[in-house]
Amino acid sequence: MADAILYDSTKCTACRACQVACKQWNELEAEETTNRGTYENPPELSPSTWNKIKFTELEEGGEFKWLFTRLACMHCEDASCLNVCPTGAISKTDDGFVLIDQEWCIGCGYCVQACPYHVPHKDEHTGTARKCTSCANRTSNDLMPACVTTCPTGALSYGDRSTLISLAEQRVTALGGSATLYGKNELGGLHALYILEDSPEVYGLPAEPQVATKNSVGQWLSGLLTAGVITALPFWFIFKRKSQIAAGELDKGGAK
Amino acid sequence: MTWTALIWIYLWLAGMAGGAFLAAKAVGRFSGSKDDSLLRLATYLALPLAVVGVLLLIFELGTPIWFWHLFTQFDFGSPMSMGTWILIAWAIIAMIMIVSWWLQEKVSPEAAASLARMRKLLSRINIFFSAALITYTGVLLAVSSQSLWAGTVLLPALFVVSAVSTGVAVLVLAALALNRIADGSMAELKLALNQIFGTTQWKTPKETILKLAEADALIIVLEIAVMIGYVIWLVTSTSGSDALGVITTGSMAAPFWVGVVLLALLIPFGLDITIRGKAAEAKGVMTTVITSSACVIVGGLILRWVITSGGQL
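Source: prediction; values computed, not measured.

Engineer: Can you walk me through the interface of chain B and chain A in this structure?
Structural biologist: One frequent convention defines the size of an interface as the accessible area lost when the parts assemble. In this complex, chain B contributes 47 residues to the contact, which on the side of chain A involves 42 residues. Those elements giving two or more residues to the side of chain B that touches chain A turn out to be α1 (5-31), α3 (79-104), α4 (109-142), α6 (155-183) and α8 (206-235) of chain B. By residue class, the composition of the side of chain B that touches chain A is 28 nonpolar, 16 polar and 3 charged.

Engineer: Got a minute to help me understand unusual backbone geometry in this structure?
Structural biologist: Generally, phi is negative for residues other than glycine and the peptide bonds are trans, each holding for most cases. Residues and elements named next belong to chain A. Residue P42 is reached from N41 by a cis peptide bond, and omega for that bond is -10°. Looking at where P42 falls in the secondary structure, it is placed in the loop between α1 (17-25) and β2 (51-60). One non-glycine residue, R16, lies in the positive phi region at around 70°. Here R16 lies in the loop between β1 (3-8) and α1.

Engineer: I keep staring at the confidence of the model for chain B and nothing clicks. Help me out?
Structural biologist: Any region with low pLDDT has predicted coordinates that should not be read closely. When pLDDT is averaged along chain B, the result is 95; 100% of the residues meet or exceed 70. Predicted complex metrics record ipTM = 0.96 and pTM = 0.95.

Engineer: Hey, could you run me through the packing of α8 of chain B against helix α10 (residues 253-274) of chain B in this one?
Structural biologist: Each pair of packed helices gets described by two things: the angle between the helix axes and the distance between those axes. Residues and elements named next belong to chain B. In the contact formed by α8 and α10, the axes pass within 9 Å of each other and the chain directions differ by 145°. In this structure, α8 meets α10 at a crossing whose hand is left-handed. Residues A213, E214, D216, A217, I220, V221, E223, I224 and M227 of α8 form the contact with α10, whose participating residues are L265, P268, F269, D272 and I273. Residue classes in the contact of α8 with α10 are distributed as 10 nonpolar, no polar and 4 charged.

Engineer: What exactly am I supposed to notice about α1 of chain B here?
Structural biologist: It helps to recall that an α-helix has 3.6 residues per turn; residues three or four apart then point in one direction. Across its 27 residues, α1 of chain B extends 38 Å between first and last C-alpha, which sits within 8% of the 39 Å expected from 1.5 Å per residue. The buried fraction of α1 of chain B amounts to 22 of the 27 residues, a majority that puts the element mostly inside the structure.

Engineer: Whenever I open this one, the domain arrangement of chain A confuses me. Can you help?
Structural biologist: Domain annotation of chain A identifies domain 1 (3-203) and domain 2 (215-256). Each of domain 1 of chain A and domain 2 of chain A has a C-alpha centre, and these two points are 54 Å apart.

Engineer: I'm lost on the sheet that holds β1 of chain A in this one. Help?
Structural biologist: Whether parallel or antiparallel, the strands of a sheet pair through hydrogen bonds between backbone atoms. Residues and elements named next belong to chain A. In space, the 4 strands of this open sheet follow the order β8-β1-β10-β9, with mixed pairing throughout. Lying at the two open borders of the sheet, with one neighbouring strand each, are β8 (156-160) and β9 (180-182). With strand direction ignored, the average angle separating the axes of adjacent strands in the sheet is 25°. Its contacts with the sheet place helix α6 (residues 161-175) against β1, β8, β9 and β10 (192-196), and it is angled at close to 135° to β8.

Rules used throughout
- Residues numbered from 1 in each chain as written.
- Chains lettered and ligands numbered in written order.
- Predicted model: local features only at pLDDT ≥ 70, side-chain atom pairs only at ≥ 80, totals over all residues.
- Contact = placed C-beta atoms within 7 Å.
- Helix = DSSP H or I, 4+ residues; strand = E, 2+ residues; numbered from the N terminus.
- Nonpolar A, V, L, I, M, F, W, Y, C, P; charged D, E, K, R; others polar.
- pLDDT = per-residue confidence, 0-100.
- Axes fitted to C-alpha atoms, helices over the stretch in contact; angles between N-to-C directions.
- Left-handed = near helix turned anticlockwise from the far one by under 90°.
- Expected span 1.5 Å × (residues − 1).
- Buried ≥ 20, exposed ≤ 12 C-beta atoms within 10 Å, placed from the backbone.
- Domains from an automatic or database assignment.
- Pairing = 2+ DSSP bridges.

Structure representation (structure tokens):
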């Protein structure tokens, strides 16, 4: 059975209890940050911040407006990180969540470059890539992920993915306007679903995320074909064609 | 930034290694020469370059002692996994070839003939692995979510052309250096090289060196064309133009325009043009060849730096 985390941005007050719960359960260090002129903190995901609320500031009709969204692993069905991992350290649970085996990851950083959401980060202390596990060690023991358990407004819920999708679709219909459900079909379906008040781009989410391995064949062909051309043409011209021309001219010279 | 200097130095070294091998093989094929001393020089040069590159790569890992986990997986979808296997196959073949050259004059003529036949076969197989090796250095970046790398399919093409260009340049410089040693008075060094190469015949004809430089001028023309294609492709794509801005007008602009456009492309091309049709003995020709090759090599390194770092900004 596929599970998912559902985040309803319209119910989120950005209290950031989920951030704290995540750090507590996963024993992640706090980060020292500075005031950047926003309540959003820490500034981005890191090896020790696997879940954070992003603040988007807007002006609508002369009024200031905040939009909140959650940044954490999207647990893509077609996961770029898993596709490019060279050691097989990244795997998917039966529930659909993407995990990095900390005992097998060599810290090559490829998943960091491949993720369309810039989620995994290389931890210099552990020498591995780390990210949200959707609290697999809780969910496998019939507990909710720490962020979901702690959320005081009901913005986060956890459960069967298709059930959550139907609930989310009802909610989106009730909200009306530009409200939308993100994650139903993106990258084969995300296991983190988002109810958004506005289009994904407004929240800084890619409207059409692409899996990193999408153009693999084209990329290999581009290089291999070029290698063929580049080792044939210039060398043929300089080492064969020009010698032939020179030989031809010599023959003519000899005939005179 | 996750991928730092060790990565782009590695991409540059691996490119040069594969490029030098391919170039030497192409020269052998098109010049019709039975003498494989240029291929020998290229292989002797390429293997250490690649090995140094791999050591840097392992050192860049978060957990270097677990690098062997790479050899537990064969995954067509992961360019890094494919690169691991391509590199190891390429290096083993190169190593066997080197040993066979080293043994060449130490064994009976019949055995030497068998060695030469085996080497010919192996070198043909390594044409494929060299092409795959230099392609993978580009595909590694291109199969990602960074717009500067993944926004076009021309990055592997660009790295391939640059790899062959730098491979030719490093062959030229090494051949000139060896010729100088051969003509010099350092007897002990000559003896040591005789031992290493397994023969006393390790000079490269000046004409071959000059022709290599001429070939590099043509390669650079193609490199300029691929670079223009790469830039246009990114400019016309939605996410690519912002990513390109980082290297053309942003924080990487100086190394891009000076290091890549001038040093890797325009200056060596201009220098190679001035020696067209001149004899190898003519005044200043070899100095020009050396300068041009050095520019290509340094420019190739800066290209890897600009693209690898620029893509992560």
